[in-house]
Amino acid sequence: MAPRVIVVTSGKGGVGKTTATANIAAALAISGNKVVAVDGDVGLRNLDVIMGLENRIVYTLVDALEGNCRLNQTLIKDKRVDNLFMIPTAQSKTKDAVTSDQMVNVCAELRKDFDFVLIDSPAGIEAGFRNAAAGADEALVITTPEVSAVRDADRIIGLLESMEKSPIFLVVNRIRPQMVKRGDMLGVSDVLDILQIGLIGMIPDDENVVKSANEGKPLTFGDESRASVAFKNIAARITGENIPFMNLEAPQKGFFARIRDAFGGGR
Ligand SMILES: Nc1ncnc2c1ncn2[C@@H]1O[C@H](COP(=O)(O)OP(=O)(O)OP(=O)(O)O)[C@@H](O)[C@H]1O
Ligand SMILES: [Mg+2]
């Protein structure tokens, strides 16, 4: 299989790019792929914390680009899962510390060793985004079902198309089925009507996401929460599996309903 380099982007900030990068990278590694997650958000690095690898940083991507170390010295191997690596970025530098050409070269190097390179990018349409995306072939666009986020996603999709990224897939994050039902939140079909790109995943709003970020342990390491399953499904779809979309409208079965089912009474 040819290596794949995927940038994880959004127009609006705070919609879940870093969370998605960490969880999808972990899920791809667990299913047997050699994966590196690269923090492309220079100056506002977060991926290391969400992946729980912040205490293992010796060199950053910027150190390698400045010639202070080799690229492979920036790789942090996750000890909890085989085949999962991360490259941190610098916290004390500005977005121009990494150029587009440098990112293209970094990605070319990483293609030699990895099945998947996932790049977490900064929000917005400025140079930071363009640099992070420069070396990628494909893109995942993350949005929440809010009008402002969807409008900004539309803008970023236009830019990704002009940069000839393909395929570009959409992830709708932080869905709250009850709000959609009441008509207080856009549904996924509304978002798809507006953005007109392929959907690769829907993630419910789930407090386990916040908990796992604080613990530095991606949900897809083992948790069976709905968000975890949703991220694992995205990873499987990326590798070409045909997984049906979760029905986020259906309420989760409570404890008693499950017991009833176990005794054959779930009619
Ligand atoms: N599905 C979810 N359910 C609940 N909370 C979520 C979900 N996805 C993301 N969050 C929370 O939203 C916040 C922003 O997430 P994250 O940092 O991944 O976004 P981002 O797009 O990378 O932000 P930035 O643009 O600042 O880089 C975090 O506190 C995260 O835990
Ligand atoms: Mg982020």
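Located above this text is the structure these notes cover.
Heads up: these notes are all about the structure in this document. (Residues numbered from 1 in each chain as written. Chains lettered and ligands numbered in written order. Predicted model: local features only at pLDDT ≥ 70, side-chain atom pairs only at ≥ 80, totals over all residues.)

Below, the discussion takes up helix 10 (residues 226-238). Taking 1.5 Å of rise per residue, 13 residues should cover 18 Å, and helix 10 covers 18 Å from first to last C-alpha, within 8% of that figure. Within the sequence span of helix 10, burial applies to A227, S228, A230, F231, K232, N233, I234, A235 and I238. Of the surrounding elements, those touching the buried residues of helix 10 are helix 1 (17-30), strand 7 (168-175), strand 8 (198-204) and helix 9 (207-215). (Helix = DSSP H or I, 4+ residues; strand = E, 2+ residues; numbered from the N terminus. Expected span 1.5 Å × (residues − 1). Buried ≥ 20, exposed ≤ 12 C-beta atoms within 10 Å, placed from the backbone. Contact = placed C-beta atoms within 7 Å.)

Turning our eyes to something else, we now look at the pairing of strand 7. In terms of burial, strand 7 is a largely internal element, seven of the eight residues being buried. Across five bridges, the pairing between strand 6 (residues 138-143) and strand 7 is parallel. What sits directly across from I142, in strand 7, is V171. Read as a crossover between parallel neighbours, the route from strand 6 over helix 6 (residues 147-162) to strand 7 is right-handed. Here strand 7 runs beside strand 8; their pairing, made up of five bridges, is parallel. By the bridge assignment, F169 is partnered in strand 8 with G198. (Pairing = 2+ DSSP bridges. Right-handed = clockwise from strand over helix to strand, strands pointing away.)

Turning our attention to the nonpolar core. Ranked by internal contacts, the top residues of the largest apolar core, which has 79 residues, are A25, V35, V36, A37, V117 and L118. Sorting elements by how many residues they give to this core places helix 1 first, with nine residues. In this view, L118 contacts I6, V8, T21, I24, A25, V35, A37 and V38; residues no more than four positions away in its chain are not counted. (Core = buried A, V, L, I, M, F, W, Y, C linked by C-beta atoms within 7 Å.)

The full set close to ligand 1 counts 20 residues, and G13, G16, K17, T18 and T19 are the nearest of them. Within the residue set of the shell around ligand 1, elements represented by two or more residues are helix 1, strand 7 and helix 9. Classifying every residue of the shell around ligand 1 gives seven nonpolar, eight polar and five charged. (Near = placed C-beta within 6 Å. Nonpolar A, V, L, I, M, F, W, Y, C, P; charged D, E, K, R; others polar.)

The next thing to look at is the pairing of strand 6. In terms of residue burial, strand 6 counts as a mostly covered element, since five of its six residues are buried. Pairing of strand 1 (residues 4-9) with strand 6 involves four bridges; the strand directions are parallel. When the sheet's bridge partners are listed, V7 is paired in strand 6 with A139.

Okay, helix 1 next. Spanning 14 residues, helix 1 covers 20 Å between terminal C-alpha atoms, matching the ideal 20 Å at 1.5 Å per step. With respect to burial, helix 1 is a largely interior element, 14 of its 14 residues being buried. Just downstream of helix 1, G32 is the residue with a positive phi angle, here 100°.

With that settled, consider the packing of helix 6 against helix 8 (residues 188-195). It is at 10 Å that the axes of helix 6 and helix 8 come closest, and there the two elements cross at 40°. As helix 6 packs across helix 8, the resulting crossing turns out to be right-handed. Every residue of helix 8 that contacts helix 6 at V150, A153, D154 and I157 is listed here: V191, I194 and L195. Of the residues in the contact of helix 6 with helix 8, the class split is six nonpolar, no polar and one charged. (Axes fitted to C-alpha atoms, helices over the stretch in contact; angles between N-to-C directions. Left-handed = near helix turned anticlockwise from the far one by under 90°.)

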